[in-house]
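Close look at the chain arrangement
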Amino acid sequence: MIIVLNGYPGVGKLTIGRELAKLLRARLVDIHTLYNLAFALTEFRTPEFRETVRRVEEIADDLIAALPSEIPVIFTTVLTGETEWAMEEWQRFEERSIQRPPLVVVHIACDLDENIKRIQSPERKGKGKLQDAEVVRRNHASSGPLIGGDLPNTLRLNVTALKPEEAAEKIANHCSALLGATAASG
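Quick summary incoming for the structure in this document. All values derive from a computational prediction rather than experimental measurement. (Residues numbered from 1 in each chain as written. Predicted model: local features only at pLDDT ≥ 70, side-chain atom pairs only at ≥ 80, totals over all residues. Heavy atoms only, no water.)

Things to note about the overall build of the protein chain
The helix and strand inventory of the protein chain stands at eight helices and five strands. Secondary structure elements of the protein chain occur, N-terminal to C-terminal, as β-α-β-α-α-β-α-β-α-α-α-β-α. On C-alpha atoms alone, the protein chain measures out to a radius of gyration of 16 Å, which is about the 16 Å that the 2.2 N^0.38 rule sets for 186 residues. Over its C-alpha atoms, taken along the principal directions, the protein chain stretches across nearly 45 × 40 × 30 Å. When the 186 residues of the protein chain are sorted by exposure, 47% land in the buried category. Restricting the contact set of the protein chain to residue pairs at least 6 apart, pairs at least 24 apart contribute 74%. On the protein chain, roughly 10,200 Å² of surface is accessible, and the fraction owed to carbon and sulfur atoms is 53%. The positive charge centre, built from 23 side chains, and the negative charge centre, built from 26, are 5 Å apart in the protein chain. (Helix = DSSP H or I, 4+ residues; strand = E, 2+ residues; numbered from the N terminus. Rg over C-alpha atoms; globule rule 2.2 N^0.38 Å. Buried < 20%, exposed > 50% of the residue type's maximum accessible area, 1.4 Å probe, protein only. Contact = heavy atoms within 4.5 Å. Areas by Shrake-Rupley, 256 points an atom, 1.4 Å probe, with all protein chains shown as cover. Lys, Arg positive; Asp, Glu negative; His and termini not counted. Charge placed at Lys NZ, Arg CZ, Asp CG, Glu CD.)

Quick look at the packing of aromatic side chains
In total, this model carries eight aromatic pairs according to the counting rule given. When the ring of Phe75 is compared with that of Phe93, the centres are 5.1 Å apart and the planes differ by 75 degrees; the resulting orientation is edge-to-face. Taken together, the positions of Phe75 in strand 3 (residues 73-77) and Phe93 in helix 4 (residues 84-99) put the pair 18 residues apart, joining distant regions of the chain. Counting every residue linked through ring pairs, the aromatic cluster contains Tyr35, Phe39, Phe44, Phe49 and Trp85. (Phe/Tyr/Trp six-rings, centres within 6.5 Å; stacked < 30°, edge-to-face > 60°.)

Considerations on the sheet that holds strand 1 (residues 2-6)
Taken in spatial order, the five strands make up an open sheet running 2-3-1-4-5, and their pairing is parallel. Looking at the sheet topology across the chains shown, the edges are occupied by strand 2 (27-29) and strand 5 (155-158). Across the sheet, the axes of successive neighbouring strands diverge by a mean angle of 20 degrees, strand direction being ignored. As paired elements, strand 2 and strand 3 share three bridges and run parallel to each other. Its bridge partner being in strand 3, Val29 is matched across the sheet by Phe75. Sitting on the sheet, helix 4 touches strand 1, strand 3 and strand 4 (103-109), and the angle it makes with strand 4 is about 140 degrees. (Pairing = 2+ DSSP bridges. Axes fitted to C-alpha atoms, helices over the stretch in contact; angles between N-to-C directions.)

Thoughts on the pattern of salt bridges
Per the counting criterion, the structure on display carries nine salt bridges. Here Arg137 makes a salt bridge to Glu134, at a shortest N to O gap of 3.0 Å. With a gap of three residues between them, Arg137 and Glu134 both fall in helix 7 (residues 133-142), about one helical turn apart. Here Arg137 falls in the partly exposed class, since its relative accessible area comes to 38%. The partly exposed category is assigned to Glu134, whose relative accessible area is 42%. The structure contains a network of salt bridges with shared partners spanning Glu57, Asp61, Arg92 and Arg96. (Salt bridge = Lys/Arg side-chain N within 4 Å of Asp/Glu carboxyl O.)

Structural data, given as structure tokens:
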């Protein structure tokens, strides 16, 4: 199973992903794990940046392929729009899910005020993560839809009033129901 937690910065993807990984005994691959080397050694959005990310993802894909098939893999990401890069990244998730079906997409969102509060938390600063409230305002006002919303296994989850453990439990229940339906039809 490949689970993609897709949402804008500061909604709680990594925190929820950690809780979900515990519940499902899954492996968690945070977007920053894949991107940090590129951020450290190249300029964002340059061809060198993208190539570095591709190479890191190839290493990750090799390691994922070596895992037992029953171990779910959870990814956190921000994929939106129809850019070449977003579509390439989305294709990677689809390819991964061929080897580890099903592909489960979770669109994680929260209300504007909560998103601003979360993005400005001191924990994010210590991890070198985005803390700009203006980016959050722009995302809420004008960003396009997250990729993967048209899939039948997509779960849309507003986490404004949920604790990370509660959100993870809802996602785990969704995944269990999908696996049960797959087993019944197979």
